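These are the residues of each chain, in order.
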Amino acid sequence: MSEKLRESLSALMDGEADELELQRVLASIDGDRNLRRAWSRYNAARAVMTGHAIGALELDISEKVSDAIRQQPLAEATAGGPGQRLLRPLASFAIAASVAVVVVLGGRQLAVVNSPGTLAEPVSVAARPSPVGVLNSLGATPVRASYGTQSLPGLQPATRSAYDELARQRMSRYMQQHAEHASLNSPQGLIPFARVTELRE
Amino acid sequence: MFSRHLAIIPLLCAALLASSKLLACPGADREALQWLDRMSHSLRKLSYHGVVTLRQGEELEVMQVWHSVDGSASSGHLARLTGQGGQVSRDDHPLECVHPGQQLLRVGEAMRDGECGLAELYRFSVIESRPVAGRDTVGILVEPRDMYRFGYRLAIDRETGLLLQSETLGNRDKPLENLAFTRVVYEAEQPHAGDAHVLHLAAHPHPRDVSVDFPVQRPWTVTWLPRGFTLTDAPARKSGRRSYTDGLAVFSVFLEDLDRDIRPGEGVVRRGSTTSYTRGRRLSERPVLITVVGEVPVNTARMVADTVRWVQ
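In this report, the structure presented in the accompanying data block is examined. Here the structure is a predicted model, which is why all the values come from computation and not from measurement.

### Description of the overall build of chain A
- Secondary structure assignment for chain A yields nine helices and zero strands.
- By the burial criterion, 37% of the 201 residues in chain A qualify as buried.
- Sequence-distant contacts in chain A: of pairs separated by 6 or more residues, those separated by 24 or more amount to 53%.

### Topic: the environment of B:Gly280
- Relative to the helices and strands, B:Gly280 resides in strand E18 (residues 274-283).
- Sequence spacing of B:Gly280 and B:Pro215 is 65 residues, and the spatial spacing of their C-alpha atoms is 18 Å.
- Among residues more than four places away in sequence, those in contact with B:Gly280 are A:Tyr163, B:Ile262, B:Arg263, B:Pro264, B:Gly265 and B:Leu289.

### A look at the sheet that holds strand E3 (residues 73-80) of chain B
Residue and element names in this part refer to chain B.
- The strand order across the open sheet formed by ten strands is E5-E6-E7-E8-E9-E1-E2-E3-E4-E10, and the pairing between neighbours is mixed. Across the chains shown, the open sheet's two edge strands, defined by having one partner strand only, are strand E5 (122-127) and strand E10 (199-201). Mean inter-strand twist for the sheet, computed between neighbouring axes without regard to direction, equals 20°.
- In terms of strand pairing, strand E6 (residues 137-144) meets strand E7 (residues 151-157) through six bridges, oriented antiparallel. Bridging across to E7, Leu141 finds its partner in Arg153.
- Of the strands in this sheet, strand E2 (59-70), E3, E5, E6, E7 and strand E8 (163-169) touch helix H2 (residues 30-45), which is tilted by about 90° from E5.

### Focus on unusual backbone geometry
Residue and element names in this part refer to chain B.
- Unlike most non-glycine residues, Ala133 shows phi in positive territory, near 50°.
- Tracing the sequence through the fold places Ala133 in the loop between E5 and E6.
- For Ser284, which is not a glycine, the phi torsion comes out positive at approximately 50°.
- By the secondary structure assignment, Ser284 is in the loop between E18 and strand E19 (286-294).
- Using a count of 9 C-beta atoms within 10 Å as the deciding quantity, one classes Ser284 as exposed.

### Brief notes about H2(B)
Residues and elements named next belong to chain B.
- With 16 residues, H2 ought to run about 22 Å at 1.5 Å a step, and its terminal C-alpha atoms sit 23 Å apart, in line with that.
- Residues of H2 that are buried: Ala32, Leu33, Trp35, Leu36, Met39, Ser40 and Leu43. Viewed along the axis of H2, the buried residues span an arc of 155°, placing them on a single side of the element.
- Tucked into the core, H2 has its buried residues touching helix H3 (100-105), helix H4 (107-112), E5, E6, E7 and E8.

### A look at the nonpolar core
- Formed by 95 residues in total, the largest nonpolar core has its most connected members in A:Phe193, B:Leu36, B:Leu78, B:Ile140, B:Ile156 and B:Leu164.
- Counting residues per element, this core draws most heavily on helix H9 (residues 158-185) of chain A, at nine residues.
- Apart from the residues lying within four places of it in its own chain, the contact partners of B:Leu164 are B:Val132, B:Ala133, B:Arg135, B:Thr137, B:Ala155, B:Ile156, B:Asp157, B:Ala180, B:Phe181 and B:Val184.

What counts, and at which threshold
Residues numbered from 1 in each chain as written. Chains lettered and ligands numbered in written order. Predicted model: local features only at pLDDT ≥ 70, side-chain atom pairs only at ≥ 80, totals over all residues. Helix = DSSP H or I, 4+ residues; strand = E, 2+ residues; numbered from the N terminus. Buried ≥ 20, exposed ≤ 12 C-beta atoms within 10 Å, placed from the backbone. Contact = placed C-beta atoms within 7 Å. Pairing = 2+ DSSP bridges. Axes fitted to C-alpha atoms, helices over the stretch in contact; angles between N-to-C directions. Expected span 1.5 Å × (residues − 1). Arc of directions from axis to C-beta. Core = buried A, V, L, I, M, F, W, Y, C linked by C-beta atoms within 7 Å.

Quick look at the structure:
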């Protein structure tokens, strides 16, 4: 791997590469085994750091935390007046509470997703935890309670957001089964497998 | 002299017949459909390797792909170079094994049989196209004739017929996803596979084989499908999954029995051209969760999920 390519790859990983550098790396990666290895290694490391490869549970948290943080200035802006300072810790608590709820939700769901073999056994269909309890727990979300009469700005109704979360988790769970069929019945060959967030063996 | 004239008559008849069939499929661009036919064969019969990028919004996935044909079978491999870095392999896929989606793509054959096939569902036209991965390409614009599927802008290698770029277009031609080769080499010799901590051997679901992905307690069915969609394999009546294709788009329906009641509702997540739509409801007093995952608009997914029924 040439020094120039190494520089381009590094810039790419730091998000500082321009289109030309991107093209340079992409054009060389097919014929350069070392470059390919370096690229894969960097990407795997970055994926682990950002929580992508560890599992969807961590991803849930990071996404929800950043969502909650984005909502914080809104919460503070709407609070206004002399009570503003008093409300601030409440807003933080609400963020922490919403994160905790999501962790529980993600954890329960993923316990199902990540246990291999459960899908193959007929008895386990009835035995595995259904999303019902999860939805109910989210329906009684402590976020709202902590706010009293103040509604948390930007929060969707509990059921809707819980269902969007379910849709996201079902996408992770089913995408690979879907890709088996898409790869044989669309003109893109094996490429539909690139849409699977986390490939399983 | 007279006999020579007579000999021309069958030729004229054949030409008239062919053109009348094309006329019977309004808006069918013959040149575009010929390229589509060629593409469907090239995808399976060419040996090549290269680098492909998948852009979904701001996310960029990079992968290395290779495909080789040896006698009567083909092998394919995909190595993801971004994210988790997993690999997928499909070996010894018989060339004569044609799946429903691949058959639907052969519009020429459908027209010879007097049917319009894909041309009834999409409008195909040849458009200008820039080189892709340094190769001269033919551009094909694919516009859906109804609201149940997406459109595409395809770039096909003018020399080999390989699909080098595919852009999925949503409502008002909004680009949802872009797949493109950044390098392609046509040779049988394949680059060495890198190390992979996850290597998935692709399954081979086929209409000849009855499949059960995971079981549900009662047989079920989907009572409405957008025009032109057909099953990709032969799922058992109690299999929790069904997959459908129209030749260009694929979606799968998943049904889960629930052992407790569920608050009715729906949720949607979209990534690139993929929709995941989940619906909780009671189906003849039994709580179920229905999920549609696929490269179709949300509305299609919702309408399909609405028509899931138990089979008595």
